[in-house]
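Residue-level structure breakdown
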Amino acid sequence: MIYELTGYMVAGGNYVSTTFYDCYSKGGLFLFDEIDGSNPQAVVAFNQAIENGEFTFPCGVVKAHKDFKVVAAANTNGMGATNQYKRNALDGATLDRFSRIELHYDLDLEVRLAIAEYQRLAGVDANLSPAYSFITTVQQAREKAAEKRIDVIISPRSSIRGCGILAMGDTVKMAINECFGASLSTDQLKQLG
């Protein structure tokens, strides 16, 4: 909703601000996360604010601070839904305001986060071999799914959650099923193998 971006007035005339308002008025970096899943009216208001250098918030007109910066993040390229992400298409006016950079998963960070989750649940002295093996399995399955165009999301969350499942004593098969395998057919699982 637009008020989640712009804030709102409450009884007594007090303004409830947002992170966007704070960054806009005082300077700072604002991350508009999941912009492709946002309310279109909020995106239009956002466009107005970043383009015009001033914006009418519920508390009045505010000029953009000289140190106000914006980053928008999305799960799609902005052109609408994909098989994995049922998101809104962003209009040309929004897309034209940003330089687009496609980012890929940081595999080293994925390993560190998954190992940390494993150690958190299994203990810092636990044997890490099962966790490392599972992470490798997940990363290889992700590569094979992309190569074979198998429509499945195998994100770093799969490694992190799976390591948590292993740390609690469950099997690799159960971890794979819980993290991404349940949405695949037996043939597809064999292909990821």
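Residues numbered from 1 in each chain as written. Predicted model: local features only at pLDDT ≥ 70, side-chain atom pairs only at ≥ 80, totals over all residues. Heavy atoms only, no water.

1. Digging into the overall build of the chain
In terms of regular secondary structure, the chain is built from nine helices and six strands. Computed over the C-alpha atoms, the radius of gyration of the chain is 22 Å, more than 25% above the 16 Å expected from 2.2 N^0.38 for a compact globule of 193 residues. Based on the C-alpha atoms only, the size of the chain along its principal axes is roughly 60 × 40 × 30 Å. For the chain, the accessible area works out to roughly 11,800 Å², and carbon and sulfur atoms hold 51% of it. (Helix = DSSP H or I, 4+ residues; strand = E, 2+ residues; numbered from the N terminus. Rg over C-alpha atoms; globule rule 2.2 N^0.38 Å. Areas by Shrake-Rupley, 256 points an atom, 1.4 Å probe, with all protein chains shown as cover.)

2. Here's the deal with a nonpolar patch on the surface
Together, Met1, Ile2, Tyr3, Tyr8 and Val10 give the surface a local cluster of nonpolar side chains, amounting to about 450 Å² of exposed area. Taken together, the elements giving at least two residues each to the nonpolar patch come down to α1 (2–6) and β1 (8–10). As for its position among the elements, Val10 is in strand β1. Its relative accessible area of 33% is what places Val10 among the partly exposed residues. (Patch = residues over 30% accessible without salt bridge, like charges linked within 9 Å, V, L, I, M, F, W, Y side chains within 5 Å. Salt bridge = Lys/Arg side-chain N within 4 Å of Asp/Glu carboxyl O. Buried < 20%, exposed > 50% of the residue type's maximum accessible area, 1.4 Å probe, protein only.)

3. Concerning the packing of aromatic side chains
All told, the structure shown has 15 aromatic pairs when counted by the stated rule. Centroid distance Phe20 to Phe30: 5.0 Å. Interplanar angle 65°. Geometry classified as edge-to-face. Placement of Phe20 in helix α2 (residues 19–26) and of Phe30 in strand β3 (residues 28–32) is noted, with a sequence separation of 10 residues between them. Accessibility assignment for this pair places Phe20 and Phe30 in one class, buried. Seen in terms of ring centroids, Phe46 and Phe98 are 6.3 Å apart; in terms of plane orientation they differ by 5°. Their pairing is stacked. (Phe/Tyr/Trp six-rings, centres within 6.5 Å; stacked < 30°, edge-to-face > 60°.)

4. Considerations on unusual backbone geometry
For Glu34, which is not glycine, the phi torsion reads 60° and is therefore positive. Inspection of the secondary structure puts Glu34 in the loop between β3 and α3 (40–52). On the basis of relative accessible area, Glu34 is assigned to the partly exposed category, the value being 31%. Not every positive phi belongs to a glycine, and Arg149 is a case in point at roughly 55°.

5. Considerations on the environment of Asp36
Positionally, Asp36 belongs in the loop between β3 and α3. For the pair Asp36 and Ala146, spaced 110 residues apart in sequence, the C-alpha to C-alpha distance is 23 Å.

6. Observations regarding the pairing of strand β4 (residues 54–57)
The two faces of β4 differ: Phe55 and Phe57 on one face are buried, but Glu54 and Thr56 on the other face are not. By the bridge criterion, four bridges tie β4 to strand β5 (residues 60–63) in an arrangement that is antiparallel. Its bridge partner lying in β5, Phe57 is registered against Gly60. In textbook terms, the turn of a hairpin is the stretch between consecutive antiparallel strands, and for β4 and β5 this stretch comprises two residues. (Pairing = 2+ DSSP bridges.)

7. Overview of the nonpolar core
Of all hydrophobic cores here, the largest spans 23 residues; its most connected members are Tyr118, Phe134, Val152, Ile154, Cys163, Phe180 and Leu192. Broken down by secondary-structure element, the contributors of at least two residues to this core are α5 (107–122), α6 (129–147), α7 (156–167) and α8 (172–179). A total of six residues in this core trace back to one element, the largest contributor, which is α6. Apart from the residues lying within four places of it in its own chain, the contact partners of Phe134 are Ser158, Ser159, Gly162, Cys163, Leu166, Val172, Ala175 and Ile176. (Core = buried A, V, L, I, M, F, W, Y, C linked by side-chain atoms within 4.5 Å. Contact = heavy atoms within 4.5 Å.)

8. A closer look at the side chain of Thr18
Along the polypeptide, Thr18 turns up in the loop between β2 (14–16) and α2. In this structure the side chain of Thr18 is engaged in a polar contact, spanning 3.1 Å, whose partner is the backbone nitrogen of Tyr21. Those residues in contact with Thr18 that lie beyond four places of it in its chain are Tyr3, Glu4, Leu5, Thr6 and Gly7. (Polar contact = N/O pair within 3.5 Å; in protein donor to acceptor, adjacent residues only side chain to side chain.)

9. Some remarks on α6
Spanning 19 residues, α6 covers 27 Å between terminal C-alpha atoms, matching the ideal 27 Å at 1.5 Å per step. Listed as buried for α6 are Ala131, Phe134, Ile135, Val138, Gln139, Ala141, Arg142 and Ala145. One face of α6 carries all of its buried residues, which in axial projection span an arc of 155°. Those residues of α6 hidden inside the fold are in contact with α5, α7, α8 and α9 (186–192). (Expected span 1.5 Å × (residues − 1). Arc of directions from axis to C-beta.)

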